[in-house]
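What the coordinates show
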Amino acid sequence: MKKIAIIGRPNVGKSSLFNRLVKKRDAITSDIAGTTRDVKRREVIIMNKEALLLDTGGLDQGCELFDKIKEKSLEAAKKADIILYMVDGKSIPEEDDKKLFYELQTLGKNVALVVNKIDNDKMKDNLWDFYEFGTDAIFGISVAHNRSIVPLLEWLYDKIPDSDIIKSEDDEDDVNIIQEDESEFEFDEHNEEEDDDGFFYTDEDEEEDFEDDSIFAQNDRIKEFDENDINHIKISIIGRTNVGKSSLLNALLGEERSVVSSVAGTTIDPIDESIDYKGKQLTFVDTAGLRRRGKIVGIEKFALMRTKEMLENSNMALVVLDASEPFLDLDEKIAGLVDSNRLACIIVLNKWDIAPREDYDKIIQEVRDRFKFLAYAPIITLSAKSHKRVDKLHDMILEINENYSQRIRTSELNEVLERAMRRHHLPSMHGQIIKIFYATQYETRPPKIAIVMNKPRGLHFTYRRYLTNKLREAFNFSGTPVLFKAKKRGEK
């Protein structure tokens, strides 16, 4: 696909145009200079042709962070096939803009000058000042008011080869008002609760009324899912600010994809990038560093919302901790997001090259004590900066994905269950005998197991933990949560 890069100084509307073209609020926008810091990539359809759209950070300088943002943006422009150089139509042309525009023209690319914020007919007169840039490819638009976007799209359409045409039932104009996807995913069972162990149970406590055993008793039936999904692993990199998440992303990709600086909170917009590794597609998402709630201000509130959205759509999380510093309560709260989203997980102790090596056992034990709810997560020590041991993380991800996606046969599950019950009998409830009839897995990613019994509420939480431990001893569930649902016979 042809690459279209949107380039320009801060606060000219690059991310707003990006959102307009991808037809959703993907990139975070604000009046604060430097909101966009990394290059954001999304596939976009220009009328009926496909292209890759790049949203870049503002071309500004003056500090370590802005210098690196500018460097990344210019790199993106050099790799692009088409460049949209955006300027602010409410101000007079800047000499720096002219200089950068001329530099981009020397690259031999298709370059257009996009004058944004021409919000009404009266402001069209401002457009004449920008003809001194010496280009015929000049477009006066208003992203905010959705004005005069069509001529720009037609120009882009002509620059994209016909070989990139895609067949679509809907060939309407590409300029639509942005609409949020308001679809919600709801759990389709009623009267259900969930306890702290991730164990589901139902309200009803009466004896079963069904003679048949329902779908769960049928031979190894499972909820349908896309087989190709197992080959695509979505991995969120999370942690507090300045623990090295962006450095880890760059190390995993083998290229400087994400802006790295000593400025806390460098990453604002989640950045995702995919690689192919041993037949699997790994999509890594570098999320914004999280702070204490009282210290979250401005655009960081949007960053937190985006981070939570990315976690909801992920399969796995890399919880990044700074091994060179004491762990904080905030680290535990961030890791709690992994637990609440029921994700596969790896705990990454970064900056191990500057951590006190003699305290290895002590550090590992502290991690286990602090993150008991992630007891299933393996721990890896590495240095994202020097790339030491990062290569081991790729294979670790594949192994845990297998555990996260595995399907245990009903007969094997029940063999383990039977041995466990022989060793420790189920306690009674108010003098009533509690019976477990059988167990069966009904879903994967993560593994979800139904335990069919006469009184679902009679299964004490200590016995559930006992069963969980026995299952983990029998099967390789390293790195993945295991969820249970207590059901009565005959329940769907």
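What counts, and where the lines are drawn
Residues numbered from 1 in each chain as written. Predicted model: local features only at pLDDT ≥ 70, side-chain atom pairs only at ≥ 80, totals over all residues. Heavy atoms only, no water. Helix = DSSP H or I, 4+ residues; strand = E, 2+ residues; numbered from the N terminus. Buried < 20%, exposed > 50% of the residue type's maximum accessible area, 1.4 Å probe, protein only. Areas by Shrake-Rupley, 256 points an atom, 1.4 Å probe, with all protein chains shown as cover. Right-handed = clockwise from strand over helix to strand, strands pointing away. Pairing = 2+ DSSP bridges. pLDDT = per-residue confidence, 0-100. Contact = heavy atoms within 4.5 Å. Axes fitted to C-alpha atoms, helices over the stretch in contact; angles between N-to-C directions. Polar contact = N/O pair within 3.5 Å; in protein donor to acceptor, adjacent residues only side chain to side chain. Salt bridge = Lys/Arg side-chain N within 4 Å of Asp/Glu carboxyl O. Parallel < 35°, antiparallel > 145°, perpendicular 65-115°, else oblique. Left-handed = near helix turned anticlockwise from the far one by under 90°. Patch = residues over 30% accessible without salt bridge, like charges linked within 9 Å, V, L, I, M, F, W, Y side chains within 5 Å. Lys, Arg positive; Asp, Glu negative; His and termini not counted. Charge placed at Lys NZ, Arg CZ, Asp CG, Glu CD. Phe/Tyr/Trp six-rings, centres within 6.5 Å; stacked < 30°, edge-to-face > 60°.

A short note on the overall build of the chain
A tally of regular secondary structure across the chain gives twelve helices and 17 strands. Taken over 492 residues, the chain has a buried fraction of 53%. Accessible area of the chain: about 24,400 Å², with a carbon and sulfur share of 46%.

A closer look at the pairing of strand 5 (residues 110–116)
Burial within strand 5 is extensive, with six of its seven residues counted as buried. Traced from strand 4 (residues 82–88) through helix 3 (residues 95–105) to strand 5, the parallel crossover comes out right-handed. Bridging between strand 5 and strand 6 (residues 138–140) involves three bridges; their strand directions are parallel. Counted as the bridge partner of Val 115 is Gly 140 from strand 6.

Some thoughts on the pairing of strand 12 (residues 316–322)
Sheet faces and side chains relate simply in a regular strand, where the side chains alternate between the two faces. Among the seven residues in strand 12, seven count as buried, and that is most of the element. Here strand 12 shows a buried face lined by Met 316, Leu 318, Val 320 and Asp 322 and a second buried face lined by Ala 317, Val 319 and Leu 321. Alignment of strand 9 (residues 232–238) against strand 12, held across four bridges, turns out to be parallel. Following the sheet pairing, Ser 236 is matched in strand 12 by Ala 317. Sheet topology places strand 12 next to strand 13 (residues 344–350); seven bridges connect them, and they run parallel. Residue pairing across strands places Val 319 opposite Ile 347, the latter belonging to strand 13. As a crossover connection, the stretch from strand 12 through helix 8 (residues 329–340) into strand 13 is right-handed.

What about the confidence of the model for the chain?
The share of residues in the chain with pLDDT of 70 or more is 75%, and the mean pLDDT across the chain is 79. Ignoring residues within four places in sequence, the model shows residues 27–37, a span with pLDDT below 50, making 43 contacts including any to other chains. The low-confidence segment residues 259–267 (pLDDT under 50) makes 38 contacts with residues lying over four places distant or belonging to another chain.

Some details on the sheet that holds strand 12
Here we have six strands laid out as an open sheet, ordered 10-11-9-12-13-14, and mixed in their pairing. In the strand order of this sheet, the two ends are held by strand 10 (271–277) and strand 14 (379–381), each with one partner. On average, each strand axis in the sheet is inclined to that of its neighbour by 25°, with strand direction left out of account. Alignment of strand 13 against strand 14, held across three bridges, turns out to be parallel. Bridging across to strand 14, Leu 349 finds its partner in Thr 381.

Quick look at the side chain of Arg 240
Here Arg 240 lies in the loop between strand 9 and helix 6 (245–253). Taking relative accessible area as the criterion, Arg 240 reaches 8% and is therefore assigned buried. Looking at Arg 240, its side chain comes within polar contact range of the side chain of Asp 331, at 2.8 Å.

Looking at the pattern of salt bridges
Enumeration according to the criterion identifies 23 salt bridges in this entry. For Lys 98, the salt bridge identified is with Glu 132, shortest N-O distance 2.1 Å. One end of the pair, Lys 98, is in helix 3; the other, Glu 132, is in the loop between strand 5 and strand 6, with 34 residues separating them in the sequence. Of the residues examined, Lys 98 reaches a relative accessible area of 11% and is grouped as buried.

Here we look at the sheet that holds strand 3 (residues 49–55)
What the six strands build is an open sheet, ordered 2-3-1-4-5-6; its pairing is mixed. Two strands bound the open sheet, and with one partner strand each, they are strand 2 (40–46) and strand 6. Pairwise comparison of adjacent strand axes, ignoring direction, gives a mean angle of 25° for this sheet. Helix 3 contacts strand 1 (2–8), strand 4 and strand 5 of the sheet and is inclined by roughly 175° relative to strand 4. Against the sheet, helix 4 (residues 149–159) makes contact with strand 1, strand 2, strand 3, strand 4, strand 5 and strand 6, and its axis sits at roughly 160° relative to strand 4, the strand it touches most.

Focus on unusual backbone geometry
Cis peptide bonds are those with omega within 30 degrees of zero, and the linkage from Arg 445 to Pro 446 qualifies with -5°. With respect to the element layout, Pro 446 can be found in the loop between strand 15 (436–443) and strand 16 (448–453). Backbone geometry at Arg 342 places phi at a positive 55°, although glycine is not the residue there. Looking at the secondary structure, you find Arg 342 in the loop between helix 8 and strand 13.

Brief notes about the packing of helix 11 (residues 410–423) against helix 12 (residues 461–474)
Relative to each other, helix 11 and helix 12 sit at 130°, their axes nearing to 10 Å. Classified by the angle between their axes, helix 11 and helix 12 sit oblique to one another. Considering only the axes of helix 11 and helix 12, their crossing is right-handed. Here helix 11 contributes Leu 413, Val 416, Leu 417, Ala 420, Met 421 and Arg 423 to the contact with helix 12, which in turn contributes Tyr 463, Tyr 466, Leu 467, Lys 470, Leu 471 and Ala 474.

Here we look at the packing of helix 6 against helix 10 (residues 390–405)
With their axes 9 Å apart at the nearest point, helix 6 and helix 10 run at an angle of 80° to one another. Regarding the angle of helix 6 to helix 10, the classification is roughly perpendicular. In contact with Leu 248, Ala 251 and Leu 252 of helix 6, helix 10 contributes Val 390, Leu 393 and His 394.

Structural notes on a negative patch on the surface
Negative charge collects at one region of the surface, where Glu 71, Glu 75, Glu 255 and Glu 256 lie side by side. You can see Glu 75 is positioned in helix 2 (residues 64–79).

Regarding the packing of aromatic side chains
Within this structure, the stated rule accounts for ten aromatic pairs. Aromatic pair Phe 371 and Phe 373: ring centres 6.3 Å apart, planes at 70°, arrangement edge-to-face. For Phe 371, a relative accessible area of 2% corresponds to the buried category. Residue class for Phe 373 comes out partly exposed when judged on its relative accessible area of 29%. Taken together, Tyr 85, Phe 101, Tyr 102, Phe 130 and Phe 133 form an aromatic cluster joined through their ring pairs.

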